[in-house]
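# Remarks on the overall topology
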Amino acid sequence: MENSGGERRVDHATDGQESPRRLLDLLITRLAEPAAVLDESLTIVATNTAFEALVGADDAVVGERLTAVVPSLTRDAVEGNADEPSEYVTVRTGQTPERWTEFGFDRHGTHLLCIGRDVDRDRGVGAAGDRVSLTALQATTQDLLAAETEEAVATRIVETATDVLGLAGATVYLFDSCQNTFCPAGLAGESGDDARTAVDGGADSIIREVFLTGMPATLDSGDRYHPLGEYGVLHTVAGEEPASGREAGGASEYLAGAARTALERVDREATLRERAASYGEQAERLAELEQTLSMVRRVQRVLVDADTVSDIEQGVCAALTESPWLSFAWVGRAGDGGVEPRAWSGPEAGYLEAISLSAGDSHVPPAVETAALDQVTTVDAVAETIRDQHWSRAAISREFQAAISVPLRADGVSYGVLTAYADRPVEWDDSLRSVITELGDSVAMAIRDRERRSLLAADAGVELDLTVTAPDAPLGQLAAALGVTVGCTEVIPVDGTTTRLFVSAPGADGDAVADAVEGVGQVDSLVAVADGDRYELLVEEPTVVGQVVRHGGRLDTASVTAEELTVTVALAADADVRTFVDRLRDSGVAVQLTARRNQTATTRRADGIRGSLETALTDRQLEALRTAYGSGFFEWPRETTGEGVAEMLGVAQPTVNRHLRVAQRKLLALVFDDE
């Protein structure tokens, strides 16, 4: 098989240990010089292509005897020098033109390592000072195999150049692709003036020329520059009395080949380590993702199964702390200048009592900051703030090392804050923040729905009379422009920012109403729904009546003048009246509670059917039914048509007809199915 250096070796089975034969096979793939491995019978069992080129073989020589491949080389000559690695046997290997080759042998157990190279016949053979010790070359190769960085390879190469090959100096320049420079990573002996600093490799630089062309260069001084592939250039210094061109070139060429092979190996191993690290990070990330998804599934199950607001708050906290990295979670509601805990789970150990939850204090904890700013608050490492903040010291003492707090808000209404603490530092990146934030939105919507369901299903309830001073509100502006008292009979939230209102303006002309609406910026559309004085308005929030419905109330009546608005609101019997009024005030409504009445089951009996109906219908069916009723669709004669209702809803008339038919069938089923 071929390796990256163009050399060939023969694979064979091993027992997994570094046998002499296996080491020899590995060694010849690293040598730039021609090399072969021989068994006891001098049969060639492995070789590289450089050896086959040296002996002039047309076909592969593995399996042939060395003495058959090189007839002038006798068995006695090989065996006589097998135990003298510093000695070489020189024989003729070519007749015309005359060619001579020297062979060196080194015994390793039952195998011999054979290295051959062309020589001038007139050059002396066998002088130890003119030869590279085979043992030293093997040691260098083994050191290069152990090198783990490019710098370590460079250092070993230049040390070999001066200590083993006897060169006057050497430098390895590694190419920095980011800076487009050549940096001296290895330096030994004598070197040029530019050897200790990075070389920019300009157009006239010999280093850049050798690097780009991939061709070695030799100066008149005997200095040589060898390319190291994509990794850089090796510079060797011959000294004042350089060796012969052939010998010096072979030595430095060998070094360059060894360096290039070692650098390729280091690069491959670094790539493998990076991939392993990347795979490890991906596996860790997948595990974290699975934990996060499991947490989301647990919370969603709580939101589906919980019957009351209290069940939701307590269940969500418990679901979060089932995660292996979240140790404590709690839900609080904004109150008088701070946050009041309502539910929690995990080893709290008195943490909520140990810290201040007042908005007036400095260095407030995450939950108070979230309630005040209505935005997500994260702390990646609580320990980093421990010196300045009391809550941080209390958290660290309980192994709370990271925190996140998200607002619970639905349709512009705040239902508190959700705060969780982790038992290790956490980088709250965008993806993790978005997951927790979306969970907070889901929790808020579930709390809103349970509060509304409780209101609709209650046989008894609370009725409130509220007075609001809001001269700039849309209905107040309309009443002022018309000079009449405007009544509101129906409030239908369309989405988070738009509400449909059915209003009456007794005594006002239709044209006057249209002119007055033109001066109210929040009104998007006006539709007259009867021959009398009733109209449908599509308005942008905030509106007082819209906030009343969005905060969990049901509007019974509303009367608006230029100075004030009075409304009667129905709440469930277990509703927190103070929280409801505070929510209105927090949304910017200057509201005053003027009366509170408890409604008995008899008073509320009619509401039982309404509650059941609203539970049975979808939001769109309910919106269509209420819009049709408010617009006079069910009056006789009709005050509006199906086409008019469809126009109000922004849908096709067949869609409205389908919604109304389904809604009427469900209403009749509530009345007649129990008979």
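Please refer to the structure higher up on the page.
Read on for a plain summary of the structure. Note that the structure is predicted; figures quoted are calculated from it, not measured.

A few words on the overall build of the protein. The helix and strand inventory of the protein stands at 21 helices and 23 strands. Looking at the protein as a whole, 46% of its 675 residues are labelled buried. A fraction of 56% describes how many contacts in the protein between residues 6 or more apart in sequence connect residues 24 or more apart. As displayed, the protein offers around 32600 Å² of accessible surface, 48% of which is attributable to carbon and sulfur atoms.

Counting residues in each nonpolar core, the largest one holds 40 residues, and the members touching the most others are Cys 488, Leu 501, Leu 537, Val 545 and Phe 580. The residues touching Leu 501, leaving out its near neighbours within four places in the chain, are Leu 475, Cys 488, Glu 490, Val 491, Tyr 535, Glu 536, Leu 537, Val 539 and Val 545. Ranked by size, the runner-up nonpolar core spans 36 residues in total, among them Met 295, Leu 326, Leu 408 and Tyr 415.

To locate leftover empty space, one rolls a probe as large as a water molecule over the atoms. One pass over the full model with this rule turns up five cavities of 30 Å³ or more. In this structure, the second largest cavity encloses a volume near 40 Å³. Lining the second largest cavity are Ala 473, Pro 474, Leu 475, Leu 501, Thr 543, Val 544, Val 545 and Leu 565. Those elements that place two or more of their residues in the lining of the second largest cavity are helix H14 (474–482) and helix H16 (544–550). Across the lining of the second largest cavity, the residue classes break down as seven nonpolar, one polar and no charged.

Angle between the axes and distance between the axes are the two parameters that describe a pair of packed helices. Following both chains from N to C, one finds helix H19 (residues 619–630) and helix H20 (residues 642–649) inclined at 125°, their axes separated by 10 Å at the closest point. The angle between the axes of H19 and H20 places the two elements in the oblique class. Here the hand of the crossing between H19 and H20 comes out right-handed. The segment H19 lies against H20, with Arg 620, Glu 623, Ala 624, Thr 627 and Ala 628 engaging Val 645, Met 648 and Leu 649. Here the residues of the contact of H19 with H20 sort into five nonpolar, one polar and two charged.

This part is about the packing of H14 against helix H15 (residues 510–518). The contact between H14 and H15 brings their axes to 9 Å, and the two run at 130°. Classified by the angle between their axes, H14 and H15 sit oblique to one another. Classified by chirality, the crossing of H15 by H14 is right-handed. Here Leu 478, Ala 481 and Leu 482 of H14 come into contact with H15, specifically with Ala 512, Val 513, Ala 516 and Val 517. Class assignment for the residues of the contact of H14 with H15 results in seven nonpolar, no polar and no charged.

Moving on to unusual backbone geometry. Positive phi, normally seen in glycine, also occurs at Asp 374, with a value near 55°. One can find Asp 374 in the loop between helix H11 (366–373) and strand E13 (377–379).

Our next topic: helix H6 (residues 150–163). Because the α-helix completes a turn every 3.6 residues, residues three or four places apart line up on one side. Between the first and last C-alpha of H6 there are 20 Å, a value that for 14 residues agrees with the 20 Å anticipated at 1.5 Å per step. Taken together, the buried positions of H6 are Val 153, Ala 154, Ile 157, Val 158, Thr 160 and Ala 161. Summarising the axial view, the buried residues of H6 lie within an arc of 155°, below the 170-degree limit, and thus occupy one face.

With respect to topology, eight strands assemble into an open sheet ordered E19-E20-E18-E17-E21-E22-E16-E23, the strand pairing being antiparallel. A strand with exactly one partner marks an edge of an open sheet, and here the two such strands are strand E19 (523–528) and strand E23 (591–599). Taking each pair of neighbouring strands and ignoring which way they run, the sheet shows an average axis angle of 20°. Here seven bridges tie strand E18 (residues 498–504) to strand E20 (residues 534–540), and the two strands are oriented antiparallel to one another. Paired with Phe 502 across the strands is Glu 536, a residue of E20. Across the sheet, helix H17 (residues 577–586) lies against strand E16 (461–468), strand E22 (565–572) and E23, angled at about 150° from E23, the strand it touches most.

Moving on to the packing of aromatic side chains. On inspection of all chains with the given rule, the structure shows eleven aromatic pairs. Here the aromatic cluster, defined as three or more aromatic residues joined through ring pairs, consists of Phe 328, Tyr 351, Phe 400 and Tyr 421.

Turning next to the sheet that holds strand E5 (residues 111–119). Taken in spatial order, the five strands of this open sheet run E2-E1-E5-E4-E3, and their pairing is antiparallel. A strand with exactly one partner marks an edge of an open sheet, and here the two such strands are strand E2 (44–47) and strand E3 (88–94). Averaged over all pairs of adjacent strands, the angle between their axes in this sheet comes to 30°, without regard to strand direction.

Two side chains of opposite charge can pair, provided their charged atoms sit close to one another. Going through the model one piece at a time under the given rule, you end up with 13 salt bridges. Arg 597 is the partner of Asp 465 in a salt bridge, and the nearest nitrogen-oxygen pair spans 2.7 Å. Pair noted here: Asp 465 is in strand E16 and Arg 597 is in strand E23, with a separation of 132 residues, a long-range link. Judged by its relative accessible area of 19%, Asp 465 falls in the buried class. Arg 500 is the partner of Glu 536 in a salt bridge, and the nearest nitrogen-oxygen pair spans 2.7 Å. On the criterion of sequence distance, the pair formed by Glu 536 in strand E20 and Arg 500 in strand E18 is long-range, its members being 36 residues apart. Linked through salt bridges whose partners overlap, the residues forming this network are Glu 33, Glu 102 and Arg 117.

Below, the discussion takes up the side chain of His 235. The residue His 235 is located in strand E10 (residues 232–237) in this model. Polar side-chain contacts of His 235 include one of 3.3 Å to the side chain of Asp 223.

This paragraph deals with the pairing of E5. The side chains of a regular strand alternate, residue by residue, between the two faces of the sheet. Here E5 lies mainly inside the structure; eight of its nine residues are buried. When strand E1 (residues 35–38) meets E5, the two strands line up antiparallel, connected through four bridges. Each bridged residue has a counterpart across the sheet, and for Val 37 the counterpart in E5 is Leu 113. The pairing of strand E4 (residues 99–108) with E5 spans nine bridges and is antiparallel. Its bridge partner being in E5, Trp 100 is matched across the sheet by Val 119. Hairpin connection, E4 to E5: the antiparallel pair is bridged by two residues, and Gly 109 has positive phi, about 65°.

Turning our eyes to something else, we now look at a negative patch on the surface. A cluster of like negative charges, contributed by Asp 509, Asp 511, Asp 515 and Glu 518, occupies part of the molecular surface. For Glu 518, the position within the fold is in helix H15. We classify Glu 518 as exposed; its relative accessible area is 68%.

Cut-offs and rules
Along each chain, numbering runs from 1 in the same order as the chain's sequence is written. Owing to the predicted nature of the model, reporting of local features is limited to residues with pLDDT of at least 70; listing and counting of side-chain atom pairs is limited to 80 or more, with chain, interface and lining totals taken over all residues. Side-chain measures here rest on the full set of heavy atoms in the structure, leaving out hydrogens and waters. For the purposes of this entry, the term helix denotes a DSSP run of H or I that reaches at least four residues, the term strand denotes a run of E that reaches at least two, and both are numbered from the N terminus. Three labels apply to residues, based on accessible area from a 1.4 Å probe with only protein chains included: buried if under 20% of the type maximum, exposed if over 50%, partly exposed otherwise in between. Working rule for contacts: check all heavy atoms of both residues, and any pair within 4.5 Å makes them a contact. Note that accessible areas follow from Shrake-Rupley with a 1.4 Å probe, and for residues the cover is restricted to the protein chains shown. Buried Ala, Val, Leu, Ile, Met, Phe, Trp, Tyr and Cys residues that are joined via side-chain atoms within 4.5 Å together make up what is termed a nonpolar core. In this analysis the probe radius is 1.4 Å and the grid spacing 1 Å, with only protein atoms considered; a cavity is a set of points the probe fits into but cannot get out of, a pocket is an open set with protein on both sides within 12 Å along at least five of seven lines, and lining residues have an atom within 4 Å of a point. Grid points are joined across faces, edges and corners, and a volume is the space filled by probe spheres set on the points. When residues are sorted by character, Ala, Val, Leu, Ile, Met, Phe, Trp, Tyr, Cys and Pro go into the nonpolar class, Asp, Glu, Lys and Arg into the charged class, and all the rest, Gly among them, into the polar class. A fitted line through C-alpha atoms serves as each axis, taken over the contacting stretch for helices, and the angle formed by two N-to-C directions is quoted from 0 to 180°. For classification, angles of less than 35 degrees are called roughly parallel, those exceeding 145 degrees roughly antiparallel, those between 65 and 115 degrees roughly perpendicular, and all remaining angles oblique. By convention, the crossing between two helices is left-handed when the near helix turns anticlockwise from the far helix through less than a right angle, and right-handed when the turn is clockwise. By this rule the span expected of a helix is its residue count minus one, scaled by 1.5 Å. This arc corresponds to the set of directions leading from the helix axis out to the C-beta atoms. A strand pair is defined by DSSP finding two or more bridges across the two strands. In summary, the pairing rule links any two rings of Phe, Tyr or Trp, Trp by its six-membered ring, whose centres are within 6.5 Å, and it sorts them by plane angle into stacked for under 30 degrees, edge-to-face for over 60 and tilted for everything else. Salt bridge, as used here, is a side-chain nitrogen of Lys or Arg placed within 4 Å of a carboxyl oxygen of Asp or Glu. Contacts described as polar in this section are N or O atom pairs within 3.5 Å, which, within protein, must combine one atom able to donate a hydrogen with one able to accept it, while residues neighboring in sequence count only if both atoms come from side chains. Note on patches: the residues involved have over 30% relative accessible area and no salt bridge, like charges join within 9 Å, and the nonpolar side chains Val, Leu, Ile, Met, Phe, Trp and Tyr join within 5 Å. Positive charge is attributed to Lys and Arg, negative charge to Asp and Glu, and no charge count is given to His or to the chain ends. Here the site of a charge means atom NZ of a Lys, CZ of an Arg, CG of an Asp or CD of a Glu.

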